[in-house]
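Breakdown of the fold
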Amino acid sequence: MLALAREPMEPLDEAALVRRARQGDLVAYEALYRVHAGRVYAVCLRLAGDAARAEDLTQRAFVRAWQRLSSFREEAAFGTWLHRLAVNLALDELRAEQRRAERTAEAGEVYALSEARRTGPERGMDLERAIAQLPDRARAVLVLHDIEGWKHADIARHLGVTTGTTKSQLHRARRLLREALRS
Amino acid sequence: MSCEQRYLVDEYLDGELGQDEAAAFEAHLGTCASCRSELEAVRALIKATGELPRELEPERDLWPQTAEQLRPVEKGGGKRRWILGGGALAVVGLLAALCAGVIGVGLLWPTDPSLEPARALLSEGDLPGALAAWTELSQDHPADAEVVEGAAYAALLAGDLDEADRLLSTLPDGPEVRLRRAMVAQRAGDLDAVAEHGRASGLPAGQVMAAEVHLADSEPDQARELLRAASAAGGSVGRTADTYLSLLDADDEGRALAEATALWSVGERALSCRAAEDLVVGLPDGLERDEQLMLWGSRCVTSRRPDEAEHLLDEVLVPPPGQQWRMHALRGMIHAARGEQTLALTTFEQLEQGGAPPQGVRDARATAASLTDDPEFAVALVGDQRSVAAARVLMEVGAVDAARRVVPEDTVLASVLGTP
């Protein structure tokens with residue numbers, strides 16, 4: 001079913017789909033979902049490092065986007081906007097989790113939590129798995145810089161840190177990745 | 001064995017090194033096997049990560065579960081009517097519209113060319129000089145309405161509100177005089193006088209000012225009557241009145257937001273921010289909510305309430321198009337208001353490097369400087385800009401030497417301050 005739905009049956013006029021979805025047309029919105037779900041899920045999975053959370057984030061991104069469609073006017077940029085929205089949701093969640101961890105958890109609990117995440121269902125690729133096992137902040141910087149192509153200044157602003165920090169996190173992430181891939 | 005320059009490999013490959021640094025590092029690569037091998041390893045890793053698929057299929061179809069969470073699109077009625085009908089944008093413009101109204105009133109002020117020098121003093125911010133010049137003129141020409149109005153205006157800007165009202169009260173009563181007395185009363189925080197003069201002026205701007213006092217006092221019926229009259233006149237003030245009316249006619253939240261906005265306009269900033277905070281956070285998701293969050297975040301921080309401002313900004317889901325930099329500028333101001341010097345300065349530096357509108361960042365820096373009482377910090381915040389606004393902020397915190405350095409040449413303020 002997925003494969004079928006992804007096949008372009010007619011030239012896809014995304015702007016028209018967005019306008020129809022804004023009127024409440026669920027069929028049009030499902031078409032938009034089919035086009036963009038893979039991209040949204042990929043960035044959520046890599047930022048969250050965990051498939052269950054990535055599924056939750058993907059759904060939330062599409063629900064939020066639906067709620068906000070009525071005020072969204074740049075139909076042509078829907079994909080970019082949706083992607084950004086998903087990244088923001090995922091980063092918010094990372095920040096919230098860090099705050100929770102700092103506030104409440106004892107060291108052992110934090111360890112248990114992150115172990116549970118890291119044994120979650122992963123893609124078979126070594127590199128993907130190694131990325132998933134990076135510390136949260138370093139992983140976010142690596143995903144946004146090396147996979148999503150963001151600039152340090154943008155990443156720093158989203159994470160609320162300096163570009164010096166994002167550069168050193170990127171260096172650290174790459175070093176950890178190479179160590180993981182060697183072992 | 002590792003070389004101590006290997007930390008440069010990442011920045012070199014990412015194109016983050018300057019031309020000279022890159023050339024120096026390339027020369028180093030020619031002689032250092034350790035760095036060459038590091039370079040190849042990092043390059044291979046970047047290539048591999050860059051080749052990862054941009055799309056990954058979830059292991060199960062998430063659509064059915066997502067679709068269940070999608071509520072039908074609301075069409076008209078209830079809360080969304082005012083919040084989606086462009087109403088919120090109009091609310092964002094409220095203050096701007098009122099400022100335009102005030103500037104419009106300002107344009108009614110004297111146009112006689114012989115008064116030009118005194119007007120120039122005003123427009124360039126030399127308030128003591130302007131007040132002195134206008135007072136002298138008004139003493140020489142006590143029956144000249146233009147001169148007396150000019151002197152009152154200078155007194156208003158210089159903060160001598162009693163003198164401003166006294167001067168205006170010597171003029172024959174009329175709509176414009178009443179409107180100006182309402183403006184002076186608003187500056188003085190005399191709300192009863194604002195309502196009285198605003199209503200008596202019979203002019204739309206005065207009616208809106210009077211209506212705002214009634215709204216701030218939770219007297220919506222009296223406010224409505226004045227707003228309907230102002231609305232009939234059209235123009236930007238009429239649109240402001242329309243926005244208030246649509247908020248009042250919407251629902252409880254709309255009325256509360258109208259009151260909070262009115263409180264801000266009448267100068268009750270702390271009350272206004274407190275009233276608005278929960279309301280705005282509770283708005284339905286959407287672009288308008290994000291705009292309102294940023295608007296009130298900005299109001300909170302400029303009235304030195306950084307914690308409320310931060311709370312509001314944290315709630316923004318996606319900044320409105322083109323407004324990302326403004327979010328960070330506001331965060332810079334929050335840091336400044338809290339005295340977090342390094343964070344504030346870093347934020348503005350990053351904005352400058354990140355391509356934010358230069359004038360916007362300069363204004364944000366000057367605003368941030370007005371939020372601290374520490375002269376040295378204010379000087380650092382202002383940075384290397386030269387503007388009358390920055391000079392005035394620095395004068396206010398007592399950094400007069402620094403104000404001399406940043407005041408643009410060929411302005412009256414520069415000649416008053418002297419050269420460094």
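Scroll up for the structure.
Okay, so let's go over this structure. Computed from a predicted structure; not experimentally measured.

So, how was this worked out
- Residues numbered from 1 in each chain as written.
- Chains lettered and ligands numbered in written order.
- Predicted model: local features only at pLDDT ≥ 70, side-chain atom pairs only at ≥ 80, totals over all residues.
- Heavy atoms only, no water.
- Helix = DSSP H or I, 4+ residues; strand = E, 2+ residues; numbered from the N terminus.
- Buried < 20%, exposed > 50% of the residue type's maximum accessible area, 1.4 Å probe, protein only.
- Contact = heavy atoms within 4.5 Å.
- Areas by Shrake-Rupley, 256 points an atom, 1.4 Å probe, with all protein chains shown as cover.
- Core = buried A, V, L, I, M, F, W, Y, C linked by side-chain atoms within 4.5 Å.
- Buried area = accessible area lost by both parts, 1.4 Å probe.
- Salt bridge = Lys/Arg side-chain N within 4 Å of Asp/Glu carboxyl O.
- Axes fitted to C-alpha atoms, helices over the stretch in contact; angles between N-to-C directions.
- Parallel < 35°, antiparallel > 145°, perpendicular 65-115°, else oblique.
- Left-handed = near helix turned anticlockwise from the far one by under 90°.
- Nonpolar A, V, L, I, M, F, W, Y, C, P; charged D, E, K, R; others polar.
- 1 Å grid on protein atoms, 1.4 Å probe; cavity = no way out; pocket = protein on both sides within 12 Å on 5 of 7 lines; lining within 4 Å.
- Points joined across faces, edges and corners; volume = space filled by probe spheres on them.

Here we look at the overall build of chain B
A tally of regular secondary structure across chain B gives 26 helices and zero strands. Here chain B, with 420 residues, has 48% of them falling under the buried criterion. When contacts within chain B are restricted to residue pairs at least 6 apart in sequence, long-range pairs at least 24 apart make up 49% of them.

Here's the deal with the overall build of chain A
Summing up its helical and strand segments, chain A has 10 helices and zero strands in all. Counting all 183 residues of chain A, 51% fall into the buried class. Expressed as a percentage of contacts within chain A between residues at least 6 apart in sequence, the contacts between residues at least 24 apart total 63%. Element-wise, carbon and sulfur atoms account for 53% of the exposed surface of chain A, whose accessible area totals about 8300 Å².

Focus on the nonpolar core
Of all hydrophobic cores here, the largest spans 97 residues; its most connected members are Leu227(B), Trp296(B), Met333(B), Phe348(B), Leu381(B) and Leu394(B). It is helix H13 (residues 204–216) of chain B that provides the largest number of residues to this core, a total of eight residues. Those residues in contact with Trp296(B) that sit more than four places away from it in its chain are Leu257(B), Ala260(B), Thr261(B), Trp264(B), Ser272(B), Cys273(B), Ala276(B), Val280(B) and Leu312(B). Counting 64 residues, the second-largest nonpolar core is a separate cluster that includes Leu17(A), Ala37(A), Ala140(A) and Val141(A).

A look at the interface of chain B and chain A
Contact with chain B, which involves 48 residues of that partner, is made by 59 residues of chain A. Together, the buried faces of chain B and chain A total about 5200 Å²; carbon and sulfur atoms form 55% of this surface. The largest per-residue losses of area from chain B upon contact with chain A belong to Arg54(B), Leu56(B) and Trp63(B), which jointly make up 15% of the total buried on that side. On inspection of chain B and its partner chain A, the count reaches eight salt bridges. Among the salt bridges present, the one from Arg174(A) reaches Asp14(B), with a minimum N-O distance of 2.9 Å.

Here's the deal with the packing of helix H20 (residues 324–338) of chain B against helix H21 (residues 341–353) of chain B
Relative placement of two packed helices is described by the angle separating their axes and the distance separating the axes. Residue and element names in this part refer to chain B. The contact between H20 and H21 brings their axes to 8 Å, and the two run at 160°. Classed by the angle they form, the pair H20 and H21 counts as roughly antiparallel. Helix-helix and strand crossings are classified by hand; for H20 and H21 the assignment is left-handed. In contact with Trp325, His328, Ala329, Gly332, Met333, His335 and Ala336 of H20, H21 contributes Leu343, Ala344, Thr347, Phe348 and Leu351. Residue composition of the contact of H20 with H21, grouped by class: eight nonpolar, four polar and no charged.

Description of the layout of surface pockets
Approximately 1200 Å³ is the volume found for the second largest pocket. Every residue lining the second largest pocket is counted, 40 residues in all, and those nearest its centre are Arg95(A), His158(A), Gly160(A), Asp314(B) and Arg331(B). Secondary structure elements with two or more residues in the lining of the second largest pocket: helix H4 (51–68), helix H5 (78–104) and helix H9 (152–159) of chain A together with helix H19 (306–314), H20 and H21 of chain B. The element that contributes the greatest number of residues to the lining of the second largest pocket is H5(A), accounting for eight residues. Taken together, the residues of the lining of the second largest pocket break down into 12 nonpolar, 12 polar and 16 charged.

Points about the packing of helix H11 (residues 175–188) of chain B against H13(B)
Residues and elements named next belong to chain B. Two numbers describe how H11 lies on H13: the axes approach to 9 Å, and their chain directions differ by 35°. In this structure, H11 meets H13 at a crossing whose hand is left-handed. Between H11 and H13, the contacting residues are Leu179, Ala182, Met183 and Gln186 on the first element and Ala205, Gly206, Met209 and Glu212 on the second.

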